[in-house]
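Notes for the structure review
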Amino acid sequence: MPTRLAVAVPTDLLAERLFQVLTDWSRHPEWMLLTTARVVEGDGRGVGSELAAFTGVGRLGFLDTMVITRWEPPTAVAVRHTGLLVRGTGVFRIAGGRLIWAEELSLPLGTLVRPVARAFMRWSLRRLVRLATGRESTAPHGA
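Residues numbered from 1 in each chain as written. Predicted model: local features only at pLDDT ≥ 70, side-chain atom pairs only at ≥ 80, totals over all residues. Heavy atoms only, no water.

1. Re the pairing of strand E4 (residues 60–72)
- Bridging between strand E3 (residues 50–57) and E4 involves 8 bridges; their strand directions are antiparallel. Bridging across to E4, glycine 56 finds its partner in glycine 61.
- In this antiparallel pair of consecutive strands, E3 and E4, the connection spans 2 residues, and glycine 58 shows a positive phi of 60 degrees.
- Bridge analysis of E4 against strand E5 (residues 76–82) gives 6 bridges, and the strand direction is antiparallel. Bridged to tryptophan 71 within E5 is valine 77.
- Two successive antiparallel strands, E4 and E5, enclose a turn made up of 3 residues. (Pairing = 2+ DSSP bridges. Helix = DSSP H or I, 4+ residues; strand = E, 2+ residues; numbered from the N terminus.)

2. A short note on the packing of aromatic side chains
- As enumerated under the stated definition, the model contains 4 aromatic pairs in all.
- On the numbers, 6.2 Å between centres and 80 degrees between planes, the contact of tryptophan 31 with phenylalanine 92 is edge-to-face. Pair noted here: tryptophan 31 is in the loop between helix H1 (15–22) and strand E2 (35–41) and phenylalanine 92 is in strand E6 (residues 87–95), with a separation of 61 residues, a long-range link. By the burial criterion, tryptophan 31 is buried, and phenylalanine 92 matches it.
- Where tryptophan 101 meets phenylalanine 120, the ring centres are 6.2 Å apart and the plane angle is 55 degrees; that geometry is what we call tilted. On the criterion of sequence distance, the pair formed by tryptophan 101 in strand E7 (residues 98–106) and phenylalanine 120 in helix H2 (residues 110–133) is long-range, its members being 19 residues apart.
- Among the residues examined, tryptophan 101 registers a relative accessible area of 5% and is labelled buried.
- An aromatic cluster is built from Trp31, Phe92, Trp101 and Phe120, whose rings are joined through pairwise contacts. (Phe/Tyr/Trp six-rings, centres within 6.5 Å; stacked < 30°, edge-to-face > 60°. Buried < 20%, exposed > 50% of the residue type's maximum accessible area, 1.4 Å probe, protein only.)

If you want it as structure tokens, here you go:
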């Protein structure tokens, strides 16, 4: 049974700016907790492009492979998760002064991980909004 997750955070940013930072896949470590992402096929800017995101510390973690299934700048990007561990769909939408992240996933331990996953998603979205406004520093402390 799929696990449905959805979180939203308020934002007063222009959708274009938020979408630009959101879909700059190489910047994911700046806002998504313990996650790096890269384009592995295509240009990462349209339907059919493939992405790979690693979540973890060092070599301990998992690879989440995805295919972009919807590309509607500056308001939506959706993916189909195609990995061994994470399968399903996900979408980021910018609408009505909110940034929304929704997932429908087949996950190990499905509903048991839901509260942690939602907290992770909300924390990441808040950090993304701060980064897009220029209020999130990516420099190491003391730099």
